[in-house]
Amino acid sequence: MTRLTARRLPVHQGPAAWNAILPDQPPPDPLAKDTAADLVIVGAGFAGLSAALRFHQLEPTSRITVLDAGRLAEGAAGRNSGFMIDLPHDLTSDDYAGSGDDREMIVLNRKAIAFAQDAVDQFAIDPNFFDPVGKVNGAAGAQAQAHNESYARHLAHLGERCEMLDAQQMQDLTGSGHYAGGLYTPGTVMLQPAGYIRGLGDGLRDLGVRLYENSPVTGITKAKGGAWQVETPAASVTADRVILTVNGHLESFGFERGRLMQLFLFATMTAELDANAQKVLGGQTRWGVTPSDPMGTTLRRIDSTQGGHRIVTRTCAVLSPGMRPSSRDLDRAISVMRRKFDQRFPALRGYPMEYQWSGHLCLSRNGVSVMRELEPGLFAGCVQNGLGTARGTLTGIGAAELAHGTESDVTRHFGEQPRPSLLPPRPVRETAANAFLRWKEWQARDD
C-alpha cells in the first residue's frame, strides 16, 4: 500500500488582494461526502484549473473533481503580480536572459497564453482581466540600463521585438520621474489574476467539473492494484488517476524533499486613488513594470475595470523551507515597499496602503519543473520557478496530457528535464540564501 500524508497545509500572510477587490464570491462548496471520479486534481490555481480544462478537452465525458484547500484565488493565484510572460524570465539571472537558446520556451509560453485566451473566449471571462498589452522593464540608473541593453541584445539574437524607452516615455507611462529608461516587450498579458481564475472556475463548473473549495487534502492512499483514495477532513474521492498541482507543497506530500526552494515575495496595494491623486500622478491608467534587475521592484497600475484605480508594489524575497512566512518578514517588507513607493511617486508620499500580503513561490536550483508521473496513476504539475501564470498553465496542460496518455510538445519538453538539484542542508540553506537575497536586494535597491 502507498500512503502519502500531507505534512503541512498552505499558510498565507495577509489577504489575497486581487480577490478582495472583486465582488464577493458565492458561498464555498466543500466536499461533504465520499464520491468517485475518473480524475482528481489537487489544487485549483493556474495549473490545477488548466489541467481540468485540458483533460476535459481530451475526455469530455470524464468525471473530473478538483479539490482546493481554500477559496478560489485566495492562494498563490490571487497573490502574484498578474504578469503572464511569453519571453525568457530567469529570476536567478542578472537580466532575465539566463543561458542557452530560449526559443522552445518562448513557443511554449505562447502556447500557454493562447490556451488561456481560448478559455477567456470560451467562458466569456471579462477581457479586462486578460489584457495583452505587454510590459516594461524599468531602469533607474546606469547599471539597470546595462541590464536592459543586455536583455535587448539577447532578444535580438532570438529574433524577438522590443523597444527602448527614454525617461520621458517612462514618465508619460507611469507618472513617475524615477526611471531613466525602460525596455518594452509586447507579448506579456496583464492579468487581474483573481478575476481570471474565478472565471475559469465558473466555466469549468458549467462544463460539469466538480470543484470543491475549503477541502484540504490530508492524505492520498493506494491499495496494491487498486484506485487512489484522496482524503479530506470530511470525505474522500476515489479515482484511478490523480494530479498534484500544489507547486512547492509537492514537498509536503514527500516528493523532492531537500530539492525545492520555498520563497515568499511580498506586496502592497494602495487604497483606491481618488480623483486628485489620479490627477497629480498623471501617466496612463494601466501598466506593468518589472525591474531590470530581477531582485528589484515590480509595479502595476490598474483601473476601475479591474478592481479600482490602484497601484501594486511587489519586492523583497525570503527563503522559508517551512513554507510559513513570518509576520516580522512581512513587516520589514511593508517598510521597504513604503519607501520604494514614496521614492517613485513623491506626489503621493504616504498614500494609504489598503492591502499587504505575502505570496508563495517555489523554485528549483537548476530551473526545472516537476511535470511527470510520480507513481503509477499519480502525476505532478508543480514547481513553477516564480512564473506561475504561464508555467503553471503549461505544467497543468502537460500533467493532464500525461494522465490521458497523450504526447505533446509540452510533455516532451518537461519530460526531458532532470530532477531538481539537491540543495545544501538546513540551516545552511536558509542562512546563506537569505543573506544572498538581502545582498541582491540591496544591489537592486533603486530598481
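Up top you'll find the structure we're talking about.
Presented here is a report on the structure given in the accompanying data block. (Residues numbered from 1 in each chain as written. Predicted model: local features only at pLDDT ≥ 70, side-chain atom pairs only at ≥ 80, totals over all residues. Heavy atoms only, no water.)

### Some remarks on the overall build of the chain
Summing up its helical and strand segments, the chain has 11 helices and 22 strands in all. Computed over the C-alpha atoms, the radius of gyration of the chain is 21 Å, within 12% of the 22 Å expected from 2.2 N^0.38 for a compact globule of 447 residues. Overall size of the chain, expressed as C-alpha extent along the three principal axes, is 65 × 45 × 45 Å. For the chain, contacts bridging at least 24 residues in sequence account for 78% of all contacts bridging at least 6. (Helix = DSSP H or I, 4+ residues; strand = E, 2+ residues; numbered from the N terminus. Rg over C-alpha atoms; globule rule 2.2 N^0.38 Å. Contact = heavy atoms within 4.5 Å.)

### Focus: helix 3 (residues 103-122)
Relative to the 28 Å expected for 20 residues at 1.5 Å per residue, helix 3 spans 28 Å between its end C-alpha atoms, a close match to the ideal helical length. All of the buried residues along helix 3 are Met105, Ile106, Leu108, Asn109, Ala112, Ile113, Phe115, Ala116, Ala119 and Val120. Phi turns positive one or two residues past the end of helix 3, at Ala124, with a value near 55°. (Expected span 1.5 Å × (residues − 1). Buried < 20%, exposed > 50% of the residue type's maximum accessible area, 1.4 Å probe, protein only.)

### Overview of the packing of helix 2 (residues 46-58) against helix 3
Interhelical geometry of helix 2 versus helix 3 gives an angle of 80° and a closest axis separation of 12 Å. With respect to helix 3, the element helix 2 is oriented roughly perpendicular. For the pair helix 2 and helix 3, the contacting residues are Ser50, Leu53, Arg54 and Gln57 in the first and Phe115, Ala119 and Gln122 in the second. Looking at the contact of helix 2 with helix 3 residue by residue, the class counts come to 3 nonpolar, 3 polar and 1 charged. (Axes fitted to C-alpha atoms, helices over the stretch in contact; angles between N-to-C directions. Parallel < 35°, antiparallel > 145°, perpendicular 65-115°, else oblique. Nonpolar A, V, L, I, M, F, W, Y, C, P; charged D, E, K, R; others polar.)

### Topic: the pattern of salt bridges
Counted under the stated rule, the structure contains 18 salt bridges. For Glu256, the salt bridge identified is with Arg372, shortest N-O distance 2.5 Å. On the criterion of sequence distance, the pair formed by Glu256 in the loop between strand 15 (241-244) and strand 16 (260-270) and Arg372 in strand 21 (residues 370-375) is long-range, its members being 116 residues apart. Classification of Arg372 as partly exposed rests on a relative accessible area of 28%. Taking the shortest distance from any N to any O, the salt bridge between Asp342 and Arg338 comes out at 2.9 Å. (Salt bridge = Lys/Arg side-chain N within 4 Å of Asp/Glu carboxyl O.)

### Here's the deal with the packing of aromatic side chains
For the structure on display, the rule yields 3 aromatic pairs. Where Phe46 meets Tyr196, the ring centres are 5.7 Å apart and the plane angle is 15°; that geometry is what we call stacked. One end of the pair, Phe46, is in helix 2; the other, Tyr196, is in helix 6 (residues 193-206), with 150 residues separating them in the sequence. Taken individually, Phe46 and Tyr196 each receive the classification buried, so the pair is uniform in this respect. One aromatic cluster in this structure is built from Phe46, Phe130 and Tyr196. Between the NZ or CZ atom of Arg300 and the centre of the ring of Phe83, over which it lies, the distance is 5.9 Å. (Phe/Tyr/Trp six-rings, centres within 6.5 Å; stacked < 30°, edge-to-face > 60°. Lys NZ or Arg CZ within 6 Å of the ring centre and 35° of its normal.)

### A look at empty space enclosed by the protein
With the rule as written, the count across this model stands at 1 cavity of 30 Å³ or more. Put simply, the largest cavity is a space of about 40 Å³. What lines the largest cavity is Asp131, Val133, Met190, Arg286, Trp287, Gly288, Arg300, Arg301 and Gln306. Among the elements of the structure, strand 17 (287-291) and strand 18 (298-302) are those that each provide at least two residues to the lining of the largest cavity. A class-by-class count of the residues in the lining of the largest cavity yields 3 nonpolar, 2 polar and 4 charged. (1 Å grid on protein atoms, 1.4 Å probe; cavity = no way out; pocket = protein on both sides within 12 Å on 5 of 7 lines; lining within 4 Å. Points joined across faces, edges and corners; volume = space filled by probe spheres on them.)

### Quick word on the nonpolar core
Buried together is how nonpolar side chains tend to be arranged in soluble globular proteins. Leu49, Val66, Met84, Phe130 and Tyr196 are the most contacted members of the largest nonpolar core, which has 57 residues in total. A per-element tally of this core places helix 3 first, with 8 residues. Setting aside chain neighbours within four positions, we find Val66 in contact with Ile41, Gly43, Ala44, Leu49, Ala52, Val209, Arg210, Leu211 and Tyr212. In this structure, Leu4, Leu31, Tyr212 and Val237 belong to the second largest nonpolar core, which totals 29 residues. (Core = buried A, V, L, I, M, F, W, Y, C linked by side-chain atoms within 4.5 Å.)

### Regarding helix 6
Counted at 1.5 Å a residue, the expected span for helix 6 with its 14 residues is 20 Å, and the 20 Å between its end C-alpha atoms agrees. Where burial is concerned, most of helix 6 is hidden: 11 out of the 14 residues are buried. Pro193, Ala194, Gly195, Tyr196, Ile197, Arg198, Gly199, Leu200, Gly201, Gly203 and Leu204 are the residues of helix 6 that are buried. Residues of helix 6 that are buried sit in contact with helix 1 (17-20), helix 2, helix 3, strand 6 (130-131), strand 10 (189-191) and strand 11 (210-212).

### Digging into the sheet that holds strand 18
Here 8 strands make up an open sheet; going across it, the order is 8-9-7-17-18-19-16-20 and the pairing mixed. Looking along the sheet, the strands with just one partner apiece sit at the ends: strand 8 (163-166) and strand 20 (353-364). If you compare each strand with its neighbour and ignore which way they point, the axes differ by 25° on average. This element, helix 5 (residues 167-174), spans strand 7 (135-139), strand 8, strand 9 (181-185) and strand 17 of the sheet and lies at about 85° to strand 8. Helix 8 (residues 327-344) contacts strand 16, strand 18, strand 19 (310-319) and strand 20 of the sheet and is inclined by roughly 135° relative to strand 19. (Pairing = 2+ DSSP bridges.)

### Notes on the side chain of Glu231
Assignment of secondary structure puts Glu231 in strand 13 (residues 228-231). In terms of polar contacts, Glu231 uses its side chain to reach the side chain of Thr221, at 3.0 Å. Setting aside anything within four residues of it in sequence, one finds Glu231 in contact with Arg3, Pro216, Val217, Thr218, Gly219, Thr221 and Ser236. (Polar contact = N/O pair within 3.5 Å; in protein donor to acceptor, adjacent residues only side chain to side chain.)

### Points about the environment of Thr285
Structurally, Thr285 can be placed in the loop between helix 7 (275-281) and strand 17. Using a relative accessible area of 35% as the deciding quantity, one classes Thr285 as partly exposed. Spatially, the C-alpha atom of Thr285 lies 15 Å from that of Pro132, the residues being 153 residues apart in sequence. Ignoring anything within four residues of it in the chain, the contact list for Thr285 reads Arg301, Ile302, Asp303 and His309.

It is worth stressing that arrangement in space is one thing and function is another; only the former is reported here.
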